[in-house]
Amino acid sequence: MLILGIETSCDETAAAVVNSQNDQLKLLSNVVATSLQMHQKTGGVVPEVAARAQLESILPVITKALEEAGLALKDIDKLAVTFGPGLVGPLLVGVETVKALGLVLNKPIVPVNHLLGHIFINMLEPTIVDRLSTIDFPLIALIVSGGHTDLICMNKDYSYKWLGGTRDDAAGEAFDKVARLLDLGFPGGPAIEKIAKEGLPAGRQGNPNAILFPRPMINSGDFDFSFSGLKTAVLNVIQSTNYELQATSSKADIAASFQQAVIDVLVAKTLKAAQEYEVGQIIIGGGVAANEELRKQLKTNCQKMGIKLAYPSKSLSTDNGAMVATAAFFLDKVVSPLEIQATPGLYF
Ligand code: KG4
Ligand code: ZN
């Protein structure tokens, strides 16, 4: 079965084709166009600009994904599209396009929750960190993106329980805001990771222990998160009299220390969830899951506890169409074209 997955919830316009044969999923094409550069001037995504970029890119991106897979639209068995959460303008572009395609071509449509896409991408391409080559259930999934930080426990039948989420800023949002404070550009996650690792200019690595930032809610006894206070703590350090923004080694130290604070909280809460729900598998997804230091430290801790860890390749951690097609394969909830509605506030 051939599934075309379409993702337009924010600043990426993405389409991918996944083929399922004998219960094996194969990625045939994966095309991502991003309006990121347009948002660099403003230091964040401007919804109207993102929506316009979606409109310009959607048909060329779909065409390219089909071309790369060596297919025509008529060959596709199912259309899958992100219907939320996300920005309303960008979401509408994907949803309305798929609606039109579904009606004209008489193809079934699977609406996909973007957050579940970040989880299910692990079933397409597991980079299992230890011996076994399958994902075990039940599992704990950590979703860490620009808009969300959530922990869920998922069962074998893909039913799930939401355990907790951020009460204010998402992890990726905190990376973006701190990068802005440090004048590192947008998106902030990759920029912070880079200068923490390489220094600025490249030379001396940032010291993750240079500044002891708070680890918000690390011992809160629940599975909620809060990252906005951490951002304020960074601002306080920047504004403090003995901090020299020009002293580039300081920037690398702040970046590394901030990154470590976020990682400590994410790792502690994810492992605690695994223990409490007695699961042997953790999976992660979302843009922040591309962070190498997070992957490394989670891996070390999982190995100590005998828990399996899976994460997507970096390019499939950030938004893409393959996650939508893969989630559609597993969830397989077909609706008629007129039933599907963009739902910006969708959650679990
Ligand atoms: O999942 P995603 O592509 O879009 C949303 O659904 O939000 O996540 C984007 C977020 C941004 O906040 C970006 O700064 C962050 O993921 N991000 C990273 C890294 N790469 C992207 N954060 C930390 N380290 C990274 N390497
Ligand atoms: Zn996302």
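Reading the values: the criteria
- Residues numbered from 1 in each chain as written.
- Chains lettered and ligands numbered in written order.
- Predicted model: local features only at pLDDT ≥ 70, side-chain atom pairs only at ≥ 80, totals over all residues.
- Heavy atoms only, no water.
- 1 Å grid on protein atoms, 1.4 Å probe; cavity = no way out; pocket = protein on both sides within 12 Å on 5 of 7 lines; lining within 4 Å.
- Points joined across faces, edges and corners; volume = space filled by probe spheres on them.
- Helix = DSSP H or I, 4+ residues; strand = E, 2+ residues; numbered from the N terminus.
- Nonpolar A, V, L, I, M, F, W, Y, C, P; charged D, E, K, R; others polar.
- Pairing = 2+ DSSP bridges.
- Axes fitted to C-alpha atoms, helices over the stretch in contact; angles between N-to-C directions.
- Contact = heavy atoms within 4.5 Å.
- Phe/Tyr/Trp six-rings, centres within 6.5 Å; stacked < 30°, edge-to-face > 60°.
- Buried < 20%, exposed > 50% of the residue type's maximum accessible area, 1.4 Å probe, protein only.

> Please clarify how the layout of surface pockets should be interpreted in this entry.
It is the rolling of a water-molecule-sized probe over the atoms that shows where space remains empty. The space that makes up the largest pocket amounts to roughly 1,300 Å³. As for the largest pocket, its lining consists of 43 residues, of which Asp11, Ser145, Gly146, Gly147 and Asp176 are closest to the centre. For the lining of the largest pocket, the leading source of residues is helix H6 (residues 188-198), giving 7 residues. Per-class residue counts for the lining of the largest pocket are 13 nonpolar, 17 polar and 13 charged.

> Please clarify how the sheet that holds strand S3 (residues 24-34) should be interpreted in this entry.
Taken in spatial order, the 5 strands make up an open sheet running S3-S2-S1-S4-S5, and their pairing is mixed. At either end of the open sheet lies a strand with only one pairing partner, and these are S3 and strand S5 (109-113). Neighbour-to-neighbour, the strand axes of the sheet open up by a mean angle of 20°, direction not taken into account. Pairing between strand S4 (residues 78-84) and S5: 5 bridges, direction parallel. Across the sheet, threonine 82 pairs through a bridge with valine 112, a residue of S5. Contacting strand S1 (2-7), S4 and S5, helix H3 (residues 88-105) runs over the sheet at an angle of about 155° to S4. Strands in contact with helix H4 (residues 114-124) are S1, S3, S4 and S5; relative to S5, the strand with the most contacts, it is inclined by about 100°.

> I keep staring at the packing of aromatic side chains and nothing clicks. Help me out?
In total, this model carries 11 aromatic pairs according to the counting rule given. Here the aromatic rings of tyrosine 158 and phenylalanine 330 are separated by 5.5 Å at their centres, their planes lie at 75°, and the arrangement is edge-to-face. Here tyrosine 158, found in the loop between strand S8 (149-154) and strand S9 (160-165), pairs with phenylalanine 330, found in helix H11 (residues 322-331); they are 172 residues apart in sequence, far enough to count as distant. Residue classification places tyrosine 158 among the partly exposed residues on the basis of a relative accessible area of 22%.

> I'm lost on unusual backbone geometry in this one. Help?
Backbone phi values are negative for most residues with the exception of glycine, while trans is the configuration of most peptide bonds. In the segment running from glycine 84 into proline 85, the intervening peptide bond is cis, with an omega of -10°. Note on placement: proline 85 falls in the loop between S4 and H3. The amide bond that connects phenylalanine 186 to the next residue, proline 187, takes the cis arrangement and shows omega of -5°. Phi at aspartate 183 takes a positive value of approximately 60°, unusual for a residue other than glycine. Position of aspartate 183 among the secondary structure elements: in the loop between helix H5 (171-181) and H6.

> What should I look at first to understand the pairing of S9 in this one?
Taken residue by residue, a regular strand's side chains alternate between the two faces of the sheet. Summarising the sheet, S8 and S9 pair through 5 bridges and their orientation is antiparallel. Bridging across to S9, aspartate 150 finds its partner in glycine 165. Counted along the chain from S8 to the antiparallel partner S9, the turn is 5 residues long, and its residue tyrosine 158 has a positive phi close to 70°.

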